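# What the coordinates show
Chain by chain, the residues:
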Amino acid sequence: MPDAEIIPLPTIEDVKAAAGRIKGLCLETPLLESPYLNQQLGGRLLVKAENLQITGSFKLRGATNRIAMLSEEEKRRGIIARSSGNHGLAVAYCAHLMETPAVVVIPDTAPATKAERIKAYGARVVQVPMSELAETAKQIEVREKLVYVAPADDFWVVAGAGTVGMEIADQAAARGIKIDAVLASCSGGGLAAGCLIGLGDTSPGTKVYAVEAAGSEKMAQSLAGGRRVNLQAPSSSICDAITGLYTAEIPFEIIRPRLAGTFAVTDEEVQQAMRAAFSELGLAVEPGGAAALAAVLAGRMPVEGRTVVVVLSGRNVDLPLASSTLGRQQRM
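This write-up is about the structure you can find in this document. (Residues numbered from 1 in each chain as written. Predicted model: local features only at pLDDT ≥ 70, side-chain atom pairs only at ≥ 80, totals over all residues. Heavy atoms only, no water.)

The next point concerns helix H5 (residues 86–97). Its 12 residues give H5 an end-to-end C-alpha distance of 17 Å, which sits within 8% of 16 Å, the value for a rise of 1.5 Å per residue. Of all the 12 residues making up H5, 10 are buried; the element is thus mostly covered by neighbouring parts of the structure. For H5, every residue scored as buried is listed here: Asn86, His87, Gly88, Leu89, Ala90, Val91, Ala92, Tyr93, Cys94 and Ala95. Each element contacted by the buried residues of H5 is listed here: helix H3 (59–68), strand E3 (79–82), strand E4 (102–107) and helix H6 (112–120). (Helix = DSSP H or I, 4+ residues; strand = E, 2+ residues; numbered from the N terminus. Expected span 1.5 Å × (residues − 1). Buried < 20%, exposed > 50% of the residue type's maximum accessible area, 1.4 Å probe, protein only. Contact = heavy atoms within 4.5 Å.)

Here you go:
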C-alpha cells in the first residue's frame, strides 16, 4: 500500500517571507483594548482590528501573498476565486492592482455590499446558490483556463494569514505583554491555522481557539472525528463570512494537532459583540468578523486574570443589518 501523500505546510519562515511580500500592500493593523471591557471581564482583552484592513478583512493578506507568487503567464491568463465575499473582495482588489483579469464566484446570499465592491474593482461576479459554489468555480476555471486562488486551502494563502498571528505576537512583545490565548473566527480554517504558525516563533505558549457560527460547526466536527467534515447545506446564520460548507485540507492539517479548542456563537451573541465593538472601540464589524469577540463576551472563554486576544476578522456588512443591530440596546 503506498504511503499517504504528504501535504506541504507553511512554516514561520514562509510567514516571514509573506510579510515581506505584502508589506505596503496590506496594513499592519492595530492591537486595541477598552478599559471598560477589561473592567467588566476582570482581565485584559486585546482586539486585533483586521476589520481596518484595506478591503475590510484579513483575507487581503493571503490573497496578496498568493497573487504575488503568480508567474507572468498566469497573470495574463487571469484568476478565479470562490468566496462568501471577503476573499473575493481581496482577490478582486489584488487583481486590479496587478492588472490581472479576475472572476469571483459568490453565493446568491452574499451581502450586496460585498458583491458591489467586487464589481467595482473590475472583477466579473458570478452568483450561484452556496451548494453550487465549488462546482461552478471549477467549471469556469477549466473552461477559461484560469488560475484558481483558494480562500483557505492554499499554501501561500495560509502563509499570508499567518502574518496576523505574527503581528499579534510582535505587537504584544513590544509592549511587554504575555498572551494566554488568541481566538479567531473560523470557516475553512485559514485564519486559525495562520495564527498557530505566526504565533509560534515569538509567543509559543499562547493557545489558539477557533470560533464558529452555531449551526456551522464543521471544524469542531472535523476535530472530533479526526477527519475533515464538510456541511451539506448552509445554515441560516447571519455570519455569512464563516458559514461556508468546506473545511480546508491544509489548515486542518495544521490545526488538528495544535488547536486548543473550538467555540460556537449564536447570532444574538454576535450582534451583541458588534454593538460592543462599535460602542467601546468605535469599530464597524460584520457578524462573522465579530465571532471571536462574541465568544469572549458570552463567557465561552474566561478572561479573568488572563490576557486574551480576539481577531475582528472583517467589517463588510450591509448597512441595513448594521443599522438594525447597532440600534438595539447594548447589554453588558
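Counted according to the given criterion, the structure contains 17 salt bridges. Between Arg175 and Glu33 there is a salt bridge, and its shortest N-O distance comes to 3.3 Å. In this pair, Arg175 sits in the loop between helix H8 (155–174) and strand E7 (181–185) while Glu33 sits in the loop between strand E1 (31–32) and helix H2 (35–41), placing the two residues 142 residues apart along the sequence. Glu167 serves as the salt-bridge partner of Arg61, at 2.9 Å between the closest nitrogen and oxygen. Of this pair, Arg61 sits in helix H3 while Glu167 sits in helix H8; the two residues are 106 residues apart in sequence, bridging distant segments of the chain. (Salt bridge = Lys/Arg side-chain N within 4 Å of Asp/Glu carboxyl O.)

Time to look at the side chain of Ser313. Tracing the backbone shows Ser313 in the loop between strand E10 (307–312) and helix H14 (319–326). Classification of Ser313 by relative accessible area gives buried; the value is 6%. Ser313 has contacts with Glu50, Asn51, Gly56, Ser57, Phe58, Ser185, Leu191, Gly288 and Gly289, leaving out every residue within four places of it along the chain.

Attention now moves to the pairing of strand E2 (residues 44–49). The buried fraction of E2 amounts to five of the six residues, a majority that puts the element mostly inside the structure. The pairing of E1 with E2 spans two bridges and is antiparallel. Note that in E2 the partner of Leu31 across the bridge is Lys48. Pairing analysis gives six bridges linking E2 to E10, with the strands arranged parallel. Looking at the pairing, Ala49 lines up with Leu312 of E10. (Pairing = 2+ DSSP bridges.)

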